[in-house]
Amino acid sequence: MAYAIAGEGPFVAENNTHVLDIIQHPGYDDRPEVTTLAETIHEEYAEFYRNAKFVTGIVLYPILCTFGITGNILSLIVLSHKKMSSSTNVFLSALSVSDLIKLVNDVMYFIVVVIERYDTVTGQRAMALLYPSAHYILNMSVCVTAWLTVSVSVERYISVCHPTRAKTMCTIQRARIVSVCVFIGMSILALPSGLRYENRWSISNETNQSIVSIELSVFGQHQLFKTAYTWIQNLLRSIIPLFVLVILNSCIIYALWQSRIKGKTMSSRNRISIMLIIVVFVFLICITPDAILSTFFKFGYYDANNLVRGIREISDLLLQINSAVNFVLYCTFSTIFRGIFIEIFLKCFTKKLNEQRAMREARTSVVRDKEGSTIVDNDANERTKLTATSINNCQQTYV
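Every value quoted in this text rests on a predicted model; they were computed, and no experiment measured them. (Residues numbered from 1 in each chain as written. Predicted model: local features only at pLDDT ≥ 70, side-chain atom pairs only at ≥ 80, totals over all residues. Heavy atoms only, no water.)

Some details on the overall build of the chain
Counting secondary structure elements, the chain contains 14 helices and five strands. A sequence separation of at least 24 residues applies to 73% of the contacts in the chain between residues at least 6 apart. Working note: accessible area of the chain is about 21,000 Å², and carbon and sulfur atoms make up 63% of it. (Helix = DSSP H or I, 4+ residues; strand = E, 2+ residues; numbered from the N terminus. Contact = heavy atoms within 4.5 Å. Areas by Shrake-Rupley, 256 points an atom, 1.4 Å probe, with all protein chains shown as cover.)

Thoughts on the side chain of Asn139
Turning to its location among the elements, Asn139 is positioned in helix H3 (residues 120-161). For Asn139, a relative accessible area of 3% puts it in the buried group. When sequence neighbours within four positions are dropped, the list of residues in contact with Asn139 reads Ala190, Ser193, Gln233 and Arg237. (Buried < 20%, exposed > 50% of the residue type's maximum accessible area, 1.4 Å probe, protein only.)

Points about the pattern of salt bridges
Per the counting criterion, the structure on display carries six salt bridges. Between Glu47 and Arg50 there is a salt bridge, with its nearest N and O atoms 2.7 Å apart. Taken together, the residues span about one helical turn, with Glu47 and Arg50 both in helix H1 (residues 46-79) at a distance of three residues. Residue Arg237 pairs with Asp290 through a salt bridge whose shortest N-O separation is 2.8 Å. (Salt bridge = Lys/Arg side-chain N within 4 Å of Asp/Glu carboxyl O.)

Side note on a nonpolar patch on the surface
Together, Ile73, Ile77, Ile342, Phe345 and Leu346 give the surface a local cluster of nonpolar side chains, amounting to about 380 Å² of exposed area. Elements with a contribution of two residues or more to the nonpolar patch: H1 and helix H12 (335-345). Topologically, Ile342 is positioned in helix H12. (Patch = residues over 30% accessible without salt bridge, like charges linked within 9 Å, V, L, I, M, F, W, Y side chains within 5 Å.)

Describing the nonpolar core
Ranked by size, the top nonpolar core spans 49 residues in total, and within it Leu92, Val144, Leu148, Met186, Tyr330 and Phe337 carry the most contacts. Mapped onto this core, the elements with two or more residues apiece are H1, helix H2 (87-118), H3, helix H5 (172-189), helix H8 (223-261), helix H9 (268-296), helix H11 (326-333) and H12. Considering every element that reaches this core, the biggest residue donor is H3, with eleven residues. With residues up to four places along the chain from it excluded, the contact list for Val144 reads Ser98, Val182, Phe183 and Met186. In terms of nonpolar packing, the next biggest core, distinct from the first, is built from ten residues, Val112, Val113, Leu130 and Ala134 among them. (Core = buried A, V, L, I, M, F, W, Y, C linked by side-chain atoms within 4.5 Å.)

Some details on the confidence of the model for the chain
With 72% of its residues at a pLDDT of 70 or more, the chain shows a mean pLDDT of 75. Across the chain, the secondary-structure element scoring lowest on mean pLDDT is strand S5 (residues 383-386), at 40, and the one scoring highest is H5, at 95. Within the model, pLDDT remains below 50 along residues 3-41, and this stretch shows 107 contacts once partners closer than five positions in the same chain are excluded. Note that residues 365-399 has pLDDT below 50 and, in this model, 33 contacts with residues that lie over four places away or in other chains. (pLDDT = per-residue confidence, 0-100.)

Now the structure itself:
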């Protein structure tokens with residue numbers, strides 16, 4: 001998710017591109033002239049950036065967030081069912097929680113963008129106040145999602161390639177411990193990203209109003225942070241998970257292929273593995289552009305030109321898609337998940353249909369003759385004699 005901020009008066013970006021003003025001078029309030037990043041942004045791709053921000057932030061974000069939040073809530077309900085109790089589903093439940101956190105963060109971004117379109121000053125203030133915490137939540141949730149995906153891949157690798165060890169190593173209790181450790185560890189890892197920016201309040205010389213801008217904190221300007229931590233975060237957030245996932249899932253695919261060559265039937269465990277391979281594949285597609293931009297090209301957002309900003313909007317959209325589509329993948333490729341979903345959410349509907357069918361049968365014309373038998377008028381108007389005992393058995397069947 002790409003957050004941007006523009007100030008008022010001298011801090012307003014040209015052509016209303018809403019770029020992030022980073023003031024590099026700690027004592028800028030006392031300076032008559034302030035050099036902002038907006039003055040150095042290339043305007044060549046300004047239209048591309050504005051269009052990308054509109055399409056992603058205004059059009060697609062609310063659709064994906066609504067669909068994704070609903071899907072992840074439904075996934076949590078289904079995965080918490082007693083019939084879905086397994087170590088794999090513990091990891092998938094934790095993954096749904098992480099995706100929910102990111103999508104709620106994206107909803108806040110959408111709300112601020114909408115406010116900014118109708119009330120620029122209020123929207124920009126909200127963006128400035130939201131940005132430091134939103135930047136942390138984004139990095140934390142992406143890191144958690146990456147390592148939970150690695151965790152479930154490790155679990156599948158043990159289950160498929162070392163099935164004799166799976167019963168002792170792939171337990172529900174161990175999956176819960178690993179999930180909690182991932183959340184805690186990645187939350188701590190992402191803490192410095194939350195300290196990277198800070199808000200600065202000042203009085204506009206032109207409007208005589210209080211304005212808020214966002215700038216690099218002292219911590220964020222430190223050279224050690226810019227180099228060492230940025231590399232560590234990018235490695236743990238995307239690069240290492242990508243390599244681990246490719247290796248593990250290559251081994252899983254090879255093992256499944258070998259079992260098919262030997263003529264073995266596809267077990268339920270292997271079918272689950274195929275579904276998770278597809279989940280991992282979608283994750284790899286969605287996170288790779290962000291990993292390349294952040295690590296190899298060292299492209300950020302606030303210090304980039306309009307072309308990179310527009311590309312960043314698209315790469316962040318891919319991260320959102322990854323958080324929103326897992327429910328569809330579960331329903332499509334897992335018959336067990338789909339069956340439990342129908343059992344939970346369509347149970348009342350199915351029960352109502354059965355009741356209506358029983359009522360239709362009860363309305364069938366029944367005429368008793370003098371011998372105590374029953375004559376039934378069916379839809380084809382054919383009459384068949386049934387004994388009273390047969391009627392009772394039919395009624396019990398419908399009940």
